[in-house]
Each structure stands twice: as C-alpha cells, then as structure tokens.
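The primary structure of each chain is shown beneath.
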Amino acid sequence: MTENSLFCCPLCGEPLSMEKSRLFCSNGHSFDRARQGYTHLLPPNRMHSKEPGDTREMVQARREFLESGAYDLFAQRLCELAAESLSGLSSPFLLDAGCGEGYYTGKLADFLQDSGIPARIAGFDISKSAVKAAAGKYKGIQFAVASAFAVPAADASVDCLTNVFAPIVPGECARVVKPGGWMILAVPGPRHLYGLKELLYEAPYENETRDIQYPGFAFLRRETVEGKLHLTDARQIQNLFAMTPYYWKTPESGSQRLAQADSLDTEIRFDFLLYQRK
C-alpha cells in the first residue's frame, strides 16, 4: 500500500510517496526505509563526515537523562505552545528540526493526540544514530536523517516547526513554514546549567540573551521556563555533560573535576522564542 510521506525528495524537491520498504518520487529517486522505519535523506555529497552528528554513546546518554524526567517541565511547556500554534487547524503538519533521539518529538505527538489535535508529525536529525533510536521507539512519527541546510519538507508545508537546542538555518525555516505558521525555538537561558559550568571552567560565563529577528518571521514573544536540578547519580551527571556543547570544548582539568563529583546542583532554564511566518 502506498501513502504520501511528509518528506520531500532531497534530490529534486518533489513529494515522496511511501511504501513499507522505501520512499520514492515521481522522478524515479528512491530511498530505502530502515527496519526501524526511518529513511536516510542526506545525500552522500552533503555529508561532511562518515557519521555526522551525535554518536551512539551520546544518543544513549541523552535518552537516559531525558527519560529520567529531569527536563519534563520544558517538554510540557513546549507541548502547550505547539498546541496553541495548531489549535483549530485541520490535519496540521508539525516538524521537529534536529529531533535527536526523539524525546521531545514523542512528547509532542502524545500531547497533541490527547488534546484532540490531529497533527501529522515528523522529525529529522543529521545523526543516523539519533534517528535510528527515535524511529525504534516512537511509532506513528515519520523520521529521517537529514540536514538543517536542506530541510526535507516542501515549500510552505509546515504549520509548526520546533527546534530544541539544534542548529537553525533561517532561510530553510522560512522556506518550509507556511504563512501564518509558527516557529518555536528553545534556547538556553542565561544561567542554564551554570552549576555544571562552575565545575568545568575556572571562569564560568552566562549565556547571551537576545531576541533575534529572522527574515520572513515576526517575533511574537519569549516564554521562560526555569527550575533547579539536583543530581546525585554519577552516571546521570556524566549523561548531562555528554549532551551539552561543553562535552566538546571542556579542558581536561574540568572533565576530571566533573568525574570526581558525587552530586551536582544547578539552575536550569529554557527560553522559548516564538515566531510567526509573515
């Protein structure tokens, strides 16, 4: 049986049809579906490394940490904002850009269904390991390996685009979000994970706060969600570290201090930036 995919062809931009084993377009381009159900839509000539994005170990660390419930307050508000953006629409399309291992995508799908919003939901990430994990757990959601520089969605097709701490390419976002549609970006607040930074760095710093204007979008508002995090499990502390950018740029001395820590207390804060396509 053939049905329409939410994704479009990364080679020619035509709509993709979906069968059990593949996605294909009218121009004869075909993409195999993995056993887990996801599709690789990142052409080899657009891959800058053999395995771009998060590694399998980083994906596992992220999944363990998020499924502990530590960031549930952020997921809840994200879901409420997405529901606000899609309320009253018939069969809206929500696209989770940089979906990672699918935690937020899955939360969005469950919340919208429980709210009676018949959303069609898809997610993509550049990490094959992340998308494989997402598709393996969250059924009923279309997942693809793809790049933010070539979002695999048709022009003006997305009613709500969500992005939680993932890279953003403004031109691609403006291309795929339909007029009147929303873009919801989650960015770290000024003192998000400041306690972690105090362990990692000799001179910790606050994150910059800016209301960025993106071409083609009107800025609606900033929503702040904040709390405290108290971790006493060494593995969870390391999991949190592994899912942050600091994992890549922390000096060895900082990593050693963190490895010796038996607890971690830190502020946590997400700022949701809401935009509407003009």
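Up top you'll find the structure we're talking about.
In this report, the structure presented in the accompanying data block is examined.

About the criteria used
Residues numbered from 1 in each chain as written. Predicted model: local features only at pLDDT ≥ 70, side-chain atom pairs only at ≥ 80, totals over all residues. Heavy atoms only, no water. Pairing = 2+ DSSP bridges. Helix = DSSP H or I, 4+ residues; strand = E, 2+ residues; numbered from the N terminus. Contact = heavy atoms within 4.5 Å. Axes fitted to C-alpha atoms, helices over the stretch in contact; angles between N-to-C directions. Buried < 20%, exposed > 50% of the residue type's maximum accessible area, 1.4 Å probe, protein only. Patch = residues over 30% accessible without salt bridge, like charges linked within 9 Å, V, L, I, M, F, W, Y side chains within 5 Å. Areas by Shrake-Rupley, 256 points an atom, 1.4 Å probe, with all protein chains shown as cover. Salt bridge = Lys/Arg side-chain N within 4 Å of Asp/Glu carboxyl O. Lys, Arg positive; Asp, Glu negative; His and termini not counted. Charge placed at Lys NZ, Arg CZ, Asp CG, Glu CD.

**Considerations on the sheet that holds strand S10 (residues 177–188)**
Part 1: Spatially, eight strands are ordered S5-S8-S7-S6-S9-S10-S12-S11 in an open sheet, and the strand pairing comes out mixed. Of all strands in the sheet, those bounded by a partner on one side alone are strand S5 (39–40) and strand S11 (217–231).
Part 2: With 14 bridges connecting them, S11 and strand S12 (residues 264–277) associate as antiparallel partners. Residue pairing in the sheet places His 230 in a bridge with Asp 265 of S12.
Part 3: The strands touched by helix H2 (residues 72–86) are strand S6 (93–97), strand S9 (158–164), S10, S11 and S12; relative to S11, the strand with the most contacts, the crossing angle is about 160°.
Part 4: Contacts from helix H4 (residues 128–137) reach S5, strand S7 (120–125) and strand S8 (142–145), with the element oriented near 165° to S8.

**Let's talk about H4**
Part 1: Where H4 is concerned, the buried positions are Ala 130, Val 131, Ala 133, Ala 134 and Ala 135.
Part 2: Elements in contact with the buried residues of H4: helix H1 (56–66), S7 and S8.

**Concerning a positive patch on the surface**
Part 1: On the surface, Arg 35, Arg 56, Lys 128, Lys 132 and Lys 139 cluster together to form a positively charged patch.
Part 2: Along the chain, Lys 128 falls in helix H4.
Part 3: Since its relative accessible area comes to 36%, Lys 128 is described here as partly exposed.

**Some thoughts on the environment of Ala 261**
Part 1: Its location among the elements puts Ala 261 in the loop between helix H9 (252–260) and S12.
Part 2: Owing to a relative accessible area of 14%, Ala 261 belongs among the buried residues under this scheme.
Part 3: With 89 residues separating them along the chain, Ala 261 and Glu 172 place their C-alpha atoms 42 Å apart.
Part 4: For Ala 261, the residues in contact, after removing those within four places along its chain, are Leu 199 and Ile 237.

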